[in-house]
Amino acid sequence: MNVPGLFHFAFLLRGVQTPSWTRWILRKQQLSLPSVPLLQAERKNSLKLLELREAELEEQFVRGDGPGGQATNKTNNCVVLKHIPSGIVVKCHQTRSVEKNRKIAREILQEKVDLFYKGEDSDVFKEKKASEKQKQEKKRRAKENLERKKLFKEMQQLDKE
Amino acid sequence: MRCLTHPLLRKLLSLPLQCVPGQGTLSKGAVVSPKQLFLRHSCSAGRGFVTATDMVNYWQKVFETNGIPEARESSQYIVSFVLGAKTFQSLDSKSLHTPLTALQQEQIQQLSHRRLQRMPVQYVLGEWDFWDLTLKMRPPVFIPRPETEDLVSLVVEEEFQKCENSALCFPVAAPHPVILEIGCGSGAIALSLLCKLPQSRVIAMDKEEAAVDLTRENAHRLQLQERIHIIHQDVSHCSAKQLLLWGPIDVIVSNPPYIFHEDMASLDAEILRYEDLDALDGGDDGMRVIKTILALAPSLLKVSGSVFLEVDPRHPDMVEHWLQVHPDLLLTLRAIHKDFCGKPRFLHIQKQSS
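Definitions and limits used
- Residues numbered from 1 in each chain as written.
- Chains lettered and ligands numbered in written order.
- Predicted model: local features only at pLDDT ≥ 70, side-chain atom pairs only at ≥ 80, totals over all residues.
- Heavy atoms only, no water.
- Helix = DSSP H or I, 4+ residues; strand = E, 2+ residues; numbered from the N terminus.
- Contact = heavy atoms within 4.5 Å.
- Areas by Shrake-Rupley, 256 points an atom, 1.4 Å probe, with all protein chains shown as cover.
- 1 Å grid on protein atoms, 1.4 Å probe; cavity = no way out; pocket = protein on both sides within 12 Å on 5 of 7 lines; lining within 4 Å.
- Points joined across faces, edges and corners; volume = space filled by probe spheres on them.
- Nonpolar A, V, L, I, M, F, W, Y, C, P; charged D, E, K, R; others polar.
- Expected span 1.5 Å × (residues − 1).
- Buried < 20%, exposed > 50% of the residue type's maximum accessible area, 1.4 Å probe, protein only.

A few words on the overall build of chain B. When its secondary structure is counted, chain B shows 14 helices and nine strands. Sequence separation of at least 24 residues holds for 66% of the intrachain contacts in chain B that already meet a minimum separation of 6. Within the structure as shown, chain B displays about 15,000 Å² of accessible surface, and the carbon and sulfur contribution to it stands at 54%.

So this is what it looks like as structure tokens:
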């Protein structure tokens, strides 16, 4: 039987200290300039999260050991991002764009790292708790409404008899 | 296309020799279409319906059996596309377990058959994403590569730097950069720049009519047609005058064909069979079009204007040397940037003042 062609390419572990990384941070700062409104919307500003330092991150792409660039047409744009100090790893393949996946991976990782170090003090935790409470409230109210309606109908029946 | 008749392969698919009552057994040696095999498989699983996950697993195995690269990714993209999503990971749990309609299964099959012909996924789906944009894709127009997203970032950064450096850095007096793209293909670079630099205008050029048409189509879909001027022209045969309709240019950007001619034959079938080879072949040293662009640049650029190029990792040294032996061009290699795989990929060349 043929060797399963599941992995036609190898993972490339890339260190972070390449110029392309500093540029990424710089780009991120510049993209939040108020004078350029059409760029990617700012993430939820209401959450105060621990900043991630690029030097503490390790990123992996599945791009193969081939020449890359024009010579390759691979569609796997999955990004694997690791926060070295905590060991937390995030895998992102939510979009078909490498740059977007890198951005989303950082957002998810930032939330996880914040949760890791701050626990219940984390804004992420508090927000989740608040939304769960809201959900439960809604359920409770809906249930009450249903019971009230049921009771009303029963009483109507009794009146008819 | 090879069919799944080999007993070992049927075992792989966990197919019993006899399926549910009424289906009958398969006589030995008969050719089984993927559809029949598939229905048997799902029947044997006892569920009687087919989910997205089932489809992905099934087609992944078909692709693997037929030697199609990126078997899992291809089947995931195809199934997600039919379900209206961009990637499999973005589908919620509900979508993953909802039974697929007969129409959806049919659509997946049609698309997968194209993939079985080694057609690149981007052409199979007829679309692909480049950063924030979803663009139409059509053979043989060159499919944008993920590295090229970084090329766009470099140009955007350069424009922001200029804005910061100049005194006129408030919205009212924002500069209106004029950008020239040589070899626009599907329009990925040109249209991304227009989105990220709202004050900019782009002149986009390609020698292939199919590329010009596709760029125009994508521009219209994104409502950017007012800010882009698309020219059907070969850079080797054009005059500077044609390109100066909006005055001297701030930035020239290009992902020119840069593959060394001797490397062309070893490209994947996906590329060789479907993409325009002229968009890839850069001649013996991969520098033919690069040199043409650099030779033309001085007559087009403002002083301190820039050229941003995507190149082969071997080119930075070659370009630096070439610029040194052509000092009359007054171009200097200002920076070499690496791509996300750490390979030297992007050149920033600047026009000096005389």
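Let us keep going from here.
All names here are of chain B. Going from Pro139 to Pro140, the amide bond is cis rather than trans, its omega being 0 degrees. Relative to the assigned elements, Pro140 resides in the loop between β2 (133-136) and α8 (148-165). In this structure, Trp131 takes a positive phi of about 55 degrees despite not being glycine. Tracing the sequence through the fold places Trp131 in the loop between β1 (127-130) and β2. Backbone geometry at Gln223 places phi at a positive 60 degrees, although glycine is not the residue there. Mapped onto the elements of the fold, Gln223 is located in the loop between α10 (209-221) and β5 (228-232).

Here the structure, examined in full by the defined rule, presents three cavities of 30 Å³ or more. By volume, the largest cavity amounts to about 70 Å³. If you go around the largest cavity, the residues you meet are Asn73(A), Lys74(A), Thr75(A), Pro69(B), Glu70(B), Arg115(B), Pro120(B), Val121(B), Gln122(B), Asp268(B) and Glu270(B). Per-class residue counts for the lining of the largest cavity are three nonpolar, three polar and five charged. In this structure, the second largest cavity encloses a volume near 50 Å³. Together, Asn77(A), Arg96(A), Ser97(A), Val98(A), Trp128(B), Asp129(B), Phe130(B), Pro144(B), Arg145(B), Pro146(B) and Glu149(B) line the second largest cavity. Counting residues per element, the lining of the second largest cavity draws most heavily on β1(B), which supplies three residues. Tallied by class, the residues present in the lining of the second largest cavity amount to five nonpolar, two polar and four charged.

Looking now at helix α3 (residues 52-65) of chain B. All names here are of chain B. The end-to-end C-alpha distance of α3, which contains 14 residues, comes to 20 Å, matching closely the 20 Å that a straight helix rising 1.5 Å per residue would cover. Extensive coverage of α3 is indicated by the burial of ten of its 14 residues. Inspection of α3 places Ala52, Asp54, Met55, Val56, Tyr58, Trp59, Gln60, Val62, Phe63 and Thr65 among the buried residues, and these make up the whole buried set. Where α3 ends, the next residue or the one after it, Gly67, has phi of about 65 degrees, a positive value.

Note that every value here comes from positions in space, so none of it alone points to a role or purpose.
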